[in-house]
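# Descriptive analysis of the structure
Below are the chains, spelled out letter by letter.
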Amino acid sequence: MSNNQVRVRFAPSPTGALHIGGVRTALYNYLLAKQLGGKMLLRIEDTDQTRYVEGAEKYIIEALSWVGITIDEGIGVGGPHAPYRQSERKPMYMDYAMQLINSGKAYYAFDTSEELDAMRQALESQGSAFQYNAVTRVKLNNSLTLSEDETKAKIEAGEPYVIRLKVPAKEEIRFKDIIRDWVHVHSSTIDDKVLMKSDGMPTYHLANVVDDHLMEISHVIRGEEWLPSAPLHVLLYRAFGWESTMPQFAHLPLLLKPEGNGKLSKRDADLGGFPVFPLAWTNPDGSKALGFREEGYLKEALVNFLAFLGWNPGTEQEMFSMDELVTAFSLERINKAGAKFDINKAKWYNQQYLKLQSDEELAKTYLPDFESDKAIKIVHLFKERVTFPQEITQEANNLFTAPETFDATIVASKWNVDAQTSITAFAEAVPSIENFVADEIKHTLHDVFEKLGIKMGKVMQMLRVAVTGAGAGPDLMLSMEIMGKDEVTARLTKALNELPNL
RNA sequence: GGUCCGUUCGUCUAGGGGUUAGGACACGUCCCUUUCACGGAUGAAACACGGGUUCGAUUCCCGUACGGACUACCA
């Protein structure tokens, strides 16, 4: 069969917007699959009905598709292991749990959440932690302490129960993580984790292992937050007798706050004024979150930026297209340490990719209201000066809005008799410029200055202020060409009227 | 608290027993530009600490410190 085929999966929970760290996880999975000619699956882990959020699944699909991660199998596309939504696979999990019960690897437990919480609190006040494990389970309310008949009676009476894994008391568990090498954990530190909840749904641990096995997943690539439960998963593979086909693990370093300590959160994004979600998102309570896409980040830039947060090719190349990433990527070159999220780098990437876009394309999408030739000129004028494409639209609008005020500090230092006479002369010469293009405007300007014997350099900035109001900006000749003769004339007249007569 | 994972410039990172410890972002300076930006050049800037091992450790080992994750009938 497909024993050697690479099959990876991205398995988010539909609890809200997909965090940017999740996008990176999906990206790394995708890169590996593509590189090795494998399959990328999308599975939805919705076993917690209480945290289910309407629209989250759709968001996940849209976000992945936007950044260019295509799904080969799973949600949205189907496949041989359907369904790919865990809630729809619910009946299967009980069968597998029963398999463990019957082989003595798992047991029923009747302790209520309240009872367990009470024990936790009691022990915590003494400075120790409660564990449901080999030493405590013999004193608790479960099928190990109850007789077979008692257990049966409780279940038949409809008493709520969970199914717990019977974790061996003393066993060294070790597994090889592609990124972290061998990880050792002693079974005594692992709880008898709940496998089936009292609502009949599996927990993450059970569902995840069962599905990864059934879906023939070859590599589990997920965030580092799963590292502590990986030994438990290994135990589960063993309990089911699936150890020989167990997937390889790769636990990714976390994305950290830009400043201070801890992992990147939405709060950091709000504080820093940048997004942590690929797409804008509105919570059920109406609160909104920014999205990279809506903020003007190009998907190429986001992908490149994300790929480099925790991975690098080992060369000095910084710019990578998705295709280049596919060939250059390797799990072995992923870092172990968490990476602080620096939005400046993302902005830099955005600028780089923006410059790579053609003037024509940008003109079409960002300046649709302008006549094509003019729009292209405007794009050319601003493309290398902005970080986000929508700034081109803003700049274009500014360009056609006559200044209300004139930069005061420049007026104070540069508005003098020479400036006034030369700008007045230039204003008079403008109407006679036949072909109102940058070169011609420049010639006229040169002539004016030459006749007056005034140094151009002394007045140029003041001329800019007269025309645009600001002391700095894009090429002034080109700007005037785009504004047109009438507009320039009007602005010069206005400036000459409003600036003090010297 | 316990378990696990980690630690190279401010940030992302390369490197790996003998290097002027390399690149990128950000920052400074200069050049280009009659402005600004882009671009180019250049500068400042790092191996957490303490013990080993070794002729030699930033690199290997052990501790310590610090950071992180996990510690739910959440994923």
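For every chain, the first residue of its written sequence is number 1, and the numbers climb from 1 along that sequence. Ligands are numbered from 1 and chains lettered from A, in the order in which they are written. Local features in this predicted model are restricted to residues whose pLDDT is 70 or higher, and side-chain atom pairs enter the listing and the counts only when it is 80 or higher, whereas totals over whole chains, interfaces and linings include all residues.

### Concerning the sheet that holds strand β8 (residues 194–196)
If you trace the three strands from one edge of the open sheet to the other, you get β4-β5-β8, paired in antiparallel fashion. Looking at the sheet topology across the chains shown, the edges are occupied by β4 (106–109) and β8. Neighbour-to-neighbour, the strand axes of this sheet turn through a mean angle of 45°, independent of strand direction. Where β4 lies against strand β5 (residues 162–165), four bridges are found, and the strand directions are antiparallel. The pairing criterion is simple: DSSP has to find at least two bridges between the two strands. Per the convention used, a helix needs a DSSP run of H or I reaching at least four residues, while a strand needs a run of E reaching at least two, with both numbered from the N terminus. Note on method: axes are straight lines fitted to C-alpha atoms, helices fitted across the in-contact stretch only, with angles between N-to-C directions ranging 0 to 180 degrees.

### Topic: the pairing of strand β2 (residues 39–42)
Burial along β2 is two-sided: K39 and L41 facing one way and M40 and L42 facing the other are all buried. Note that strand β1 (residues 7–10) and β2 share four bridges and pair parallel. Note on β2: the bridge partner recorded for R9 is L41. Convention used here: a crossover is right-handed provided that the path from the first strand, over the helix, to the second strand proceeds clockwise when the strands point away from the viewer. Taken together, β1, helix α1 (residues 20–35) and β2 form a β-α-β motif whose crossover is right-handed. Sheet topology places β2 next to strand β3 (residues 73–74); two bridges connect them, and they run parallel. Our exposure labels follow a C-beta count within 10 Å of each residue's own C-beta, placed from the backbone: buried means 20 or more other C-beta atoms, exposed means 12 or fewer, and partly exposed covers the counts in between.

### Side note on the confidence of the model for chain A
One number per residue, pLDDT, summarises how confident the predictor is, and it ranges from 0 to 100. On average, chain A scores 95 in pLDDT, and the residues at 70 or more come to 99%. Taken over the whole predicted complex, pTM reads 0.94, whereas the ipTM for its chain interfaces reads 0.95.

### Some words on the protein's contact with RNA strand B
Proximity of a residue to a molecule or strand is defined by its backbone-placed C-beta atom lying within 6 Å of that partner. Not every one of the 59 residues close to RNA strand B is listed here, only the nearest: E45, N261, A337, M456 and G457. Of all the secondary structure elements, the ones that give two or more residues to the surface near RNA strand B are α4 (113–125), β7 (181–186), β14 (339–340), α11 (343–356) and α18 (456–468). Under the grouping applied here, Gly and all other residues not named as nonpolar or charged are polar, the nonpolar ones being Ala, Val, Leu, Ile, Met, Phe, Trp, Tyr, Cys and Pro and the charged ones Asp, Glu, Lys and Arg. A breakdown of the residues in the surface near RNA strand B according to their chemical character gives 20 nonpolar, 21 polar and 18 charged.

### What about the packing of helix α12 (residues 359–366) against helix α13 (residues 372–382)?
The interhelical angle for the contact between α12 and α13, taken along N-to-C directions, is 110°, at an axis separation of 8 Å. It follows from the interaxial angle that α12 and α13 lie roughly perpendicular. Of α13, the residues touching α12 (which contributes D359, E360, L362 and A363) are S372, A375, I376, V379 and H380. Broken down by class, the residue content of the contact of α12 with α13 amounts to five nonpolar, two polar and two charged. In what follows, roughly perpendicular refers to angles from 65 to 115 degrees, roughly parallel to angles under 35, roughly antiparallel to angles over 145, and oblique to any angle outside these ranges. The contact criterion used is a C-beta to C-beta distance within 7 Å, with each C-beta placed from the backbone.

### Some points on unusual backbone geometry
Residue P83 follows A82 across a cis peptide bond; omega there is -5°. With respect to the helices, strands and loops of the structure, P83 is situated in the loop between β3 and α3 (90–102). We note that D181 has phi near 65°; this positive angle belongs to a residue other than glycine. Within the element layout of this structure, D181 appears in strand β7.

### Points about the nonpolar core
The term nonpolar core refers to a set of buried Ala, Val, Leu, Ile, Met, Phe, Trp, Tyr and Cys residues connected through C-beta atoms within 7 Å. Core analysis: the largest hydrophobic core is formed by 61 residues, its most contacted members being V23, L27, Y59, A63, A301, L302 and L306. Counting residues per element, the ones that place at least two in this core are β1, α1, β2, α2 (56–67), β9 (219–223), β10 (248–252), α9 (299–307) and α11. If one sorts the elements of this core by residue count, α1 sits on top with nine residues. If sequence neighbours within four positions are ignored, L27 has contacts with I69, V303, L306 and A307. Listed in part, the 25 residues of the second largest apolar core include V162, V167, L232 and L236.

### Section: the packing of helix α6 (residues 204–214) against helix α7 (residues 230–240)
At their nearest, the axes of α6 and α7 sit 10 Å apart, and the two run at 55° to each other. As the angle between them shows, α6 and α7 are arranged oblique. Considering how the two elements wind past one another, α6 and α7 form a crossing that is right-handed. Contacts between α6 and α7 involve H205, N208 and V209 from the first element and L232, H233, L236 and Y237 from the second. For a crossing to be left-handed, the near helix must be turned anticlockwise from the far one by less than a right angle; the clockwise case is right-handed.

### Points about the environment of A207
Looking at the secondary structure, you find A207 in helix α6. Taking the number of C-beta atoms within 10 Å as the measure of exposure, A207 has 25 and is therefore buried. For the pair A207 and M196, spaced eleven residues apart in the sequence, the C-alpha separation amounts to 9.1 Å.

### A few points about the environment of V53
Relative to the helices and strands, V53 resides in the loop between β2 and α2. As for V53 and S13, which are separated by 40 residues in sequence, their C-alpha atoms are 9.3 Å apart.

### Considering α7
Restricting attention to buried positions, one finds in α7 the residues P231, L232, H233, L235, L236 and A239. Backbone geometry just after α7 places G241 at a positive phi near 80°.

### A few points about the pairing of β9
Burial runs high along β9: four of the five residues are buried. Pairing geometry for β9 and β10, over five bridges, is parallel. Along β10, the bridge assignment pairs H219 with Q248.

### Structural notes on α18
For α18, built from 13 residues, the straight-helix expectation of 18 Å at 1.5 Å per residue is met to within 8% by its first-to-last C-alpha distance of 18 Å. Among the residues making up α18, those that are buried are V459, M462, L463, R464, V465, A466, V467 and T468. Contact partners of the buried residues in α18: α15 (408–414), α16 (417–429), α19 (476–483) and α20 (485–498). G469 occupies a position one or two residues after α18 and carries a positive phi of about 90°. In a helix, the anticipated span is given by 1.5 Å times the number of residues less one.

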